[in-house]
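# Understanding the architecture of this molecule
Here is what each chain is made of, one letter per residue.
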Amino acid sequence: MKQFLGTGVALVTPFKADLSIDTDALTRIVNYNIQEGTDYLVVLGTTGEAATLNTTEKRLVMNTVIAANNGRLPLVVGVGGNNTMAVVAELKTLDLTGFDAILSVSPYYNKPTQEGIYQHFKAIAHAAPLPIIVYNVPGRTGSNLLPETIIRLANDFDSIVAVKEASGDMVQIMQLIENKPPDFMVISGDDFTALPTVLAGGSGVISVLGQGLPAEFSKMIELGLEGKGAEAYALHYRLQEGMHLIFEEGNPAGIKSVFETKNLASGLVRLPLMEASNSLKKKITTFLHSFAEVPA
């Protein structure tokens, strides 16, 4: 699964003024990321506001990205939930032509035991027609997918090829990297821990900020994978303020403000999320202007 080595980005879903999907803006964002060095694209994740899209809209997003990408980069699509039977049914009927892997979040709200999480992904592994990237994000799901459960899944199912690890706990991440099967990939799901994860032996990142500053973020991860820690951290510290700002009022309001500043898409989000405040937009604009003025 070397195609998922490096920098993936969790794409936003841009909206028009009437909050319908802006396919032109989504196409611009895909092309921008491809031109600027992103390694692969992730569709319909949390950043893509998948929770507020209906089935028809999700299909429109998928088709738009497939067409814009035109086979240039590997594609990952989010298919997950807290109803195991419903996820399995979706995987058996969804047309996944054009995609290379599935990103599936650990069940949220229900707060299952580790055995319950294992059985959930076991059912998905039997149903999924593509490789699976398990997504651990305890800050959103309410439960932490522990390293021993991830390693058990990795050993038991060849189709479970990676984890997007967004616990923010570097001790947990390093335990996972130390004990995982050789070919299993640990991908950072958090911009702040992306470089430390790579330098500890991880495979890269699925980033939010990376889609707004793809050339710089991808270069940082590339340097990290090459073991060039000092050069990579120089970029990390340049990017760090942006990492803070885009999450200051929640995701994806911040990264959408980045795209608004770059004239790639609007800053609009769907309720219950709120668009970035004018105050945050000013800070993001200032960061982007100062960032551009600092030599790479």
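Since the structure is predicted, the reported quantities are computational estimates derived from the model, not experimental observations.

## Describing the pattern of salt bridges
The full count for this structure, using the stated rule, is 8 salt bridges. Here Glu248 makes a salt bridge to Lys283, at a shortest N to O gap of 2.7 Å. Separated by 35 residues along the polypeptide, Glu248 in the loop between α10 (229-246) and α11 (253-261) and Lys283 in helix α12 (residues 278-293) bring together distant segments of the chain. Exposure remark for Glu248: the relative accessible area of 42% places this residue in the partly exposed category. For Lys283, a relative accessible area of 34% gives the class partly exposed. Close ionic contact of Lys281 with Glu275 constitutes a salt bridge, the shortest N to O distance being 2.5 Å. Judged by its relative accessible area of 15%, Lys281 falls in the buried class. One network of salt bridges, with partners in common, ties together Glu260, Glu275 and Lys281.

## Brief notes about the sheet that holds strand β5 (residues 132-136)
Ordered by their spatial adjacency, 8 strands build a closed barrel running β1-β2-β3-β4-β5-β6-β7-β8, and the pairing between neighbours is parallel. Averaged over all neighbouring strand pairs, the angle between strand axes comes to 25 degrees, with direction disregarded. By the bridge criterion, 4 bridges tie strand β1 (residues 6-10) to strand β8 (residues 204-207) in an arrangement that is parallel. In the strand pairing of β8, Thr7 is matched with Val205. Docked against the sheet, helix α4 (residues 114-127) engages β4 (101-105), β5 and β6 (160-165), running at close to 160 degrees with respect to β4.

## Some thoughts on the layout of surface pockets
Here the largest pocket defines a volume of roughly 840 Å³. Contributing to the lining of the largest pocket are 32 residues, with Leu44, Gly45, Ala50, Ala51 and Tyr108 lying nearest its centre. At the level of secondary structure, the elements contributing two or more residues to the lining of the largest pocket comprise α2 (55-69), α3 (84-93), β4 and α5 (138-141). Considering every element that reaches the lining of the largest pocket, the biggest residue donor is α2, with 4 residues. Here the lining of the largest pocket is built from residues that sort into 15 nonpolar, 12 polar and 5 charged. Of the voids in this model, the second largest pocket is the one considered here, and its volume is about 330 Å³. Along the walls of the second largest pocket sit 18 residues, with Tyr135, Val137, Arg140, Gly189 and Phe247 positioned nearest its centre. Broken down by secondary-structure element, the contributors of at least two residues to the lining of the second largest pocket are α5 and β8. When its residues are assigned to classes, the lining of the second largest pocket shows 8 nonpolar, 6 polar and 4 charged.

## As for unusual backbone geometry
Backbone geometry follows two general trends: most residues other than glycine have a negative phi, and most peptide bonds adopt the trans configuration. A cis amide bond, omega 15 degrees, links Asn251 with the succeeding residue Pro252. As for its placement among the helices and strands, Pro252 is situated in the loop between α10 and α11. Residue Pro272 is reached from Leu271 by a cis peptide bond, and omega for that bond is 15 degrees. Relative to the helices and strands, Pro272 is located in the loop between α11 and α12. The phi torsion at Leu19 lies on the positive side, around 70 degrees, for a residue other than glycine. A positive phi angle, close to 65 degrees, is found at Leu44, a residue other than glycine. Its location among the elements puts Leu44 in the loop between β2 (40-43) and α2. Judged by its relative accessible area of 8%, Leu44 falls in the buried class.

## Thoughts on the side chain of Thr197
Its place among the elements puts Thr197 in helix α8 (residues 194-199). You can call Thr197 buried: its relative accessible area is 1%. Within the local environment of Thr197, its side chain forms a polar contact with the backbone oxygen of Thr193, the two atoms lying 2.7 Å apart. Look past the residues within four positions of Thr197 in its chain and what remains in contact with it is Met170, Ile173, Ile177, Val186, Ser188 and Gly202.

## Thoughts on the environment of Phe121
Looking at the secondary structure, you find Phe121 in helix α4. You can call Phe121 buried: its relative accessible area is 0%. Separated by 15 residues in the primary sequence, Phe121 and Ser106 have C-alpha atoms spaced 8.2 Å apart. Other than its neighbours up to four places away in sequence, Phe121 contacts Ser104, Val105, Ser106, Pro107, Val134, Leu145, Leu153 and Ile160.

Reading the values: rules and limits
Residues numbered from 1 in each chain as written. Predicted model: local features only at pLDDT ≥ 70, side-chain atom pairs only at ≥ 80, totals over all residues. Heavy atoms only, no water. Salt bridge = Lys/Arg side-chain N within 4 Å of Asp/Glu carboxyl O. Helix = DSSP H or I, 4+ residues; strand = E, 2+ residues; numbered from the N terminus. Buried < 20%, exposed > 50% of the residue type's maximum accessible area, 1.4 Å probe, protein only. Pairing = 2+ DSSP bridges. Axes fitted to C-alpha atoms, helices over the stretch in contact; angles between N-to-C directions. Contact = heavy atoms within 4.5 Å. 1 Å grid on protein atoms, 1.4 Å probe; cavity = no way out; pocket = protein on both sides within 12 Å on 5 of 7 lines; lining within 4 Å. Points joined across faces, edges and corners; volume = space filled by probe spheres on them. Nonpolar A, V, L, I, M, F, W, Y, C, P; charged D, E, K, R; others polar. Polar contact = N/O pair within 3.5 Å; in protein donor to acceptor, adjacent residues only side chain to side chain.

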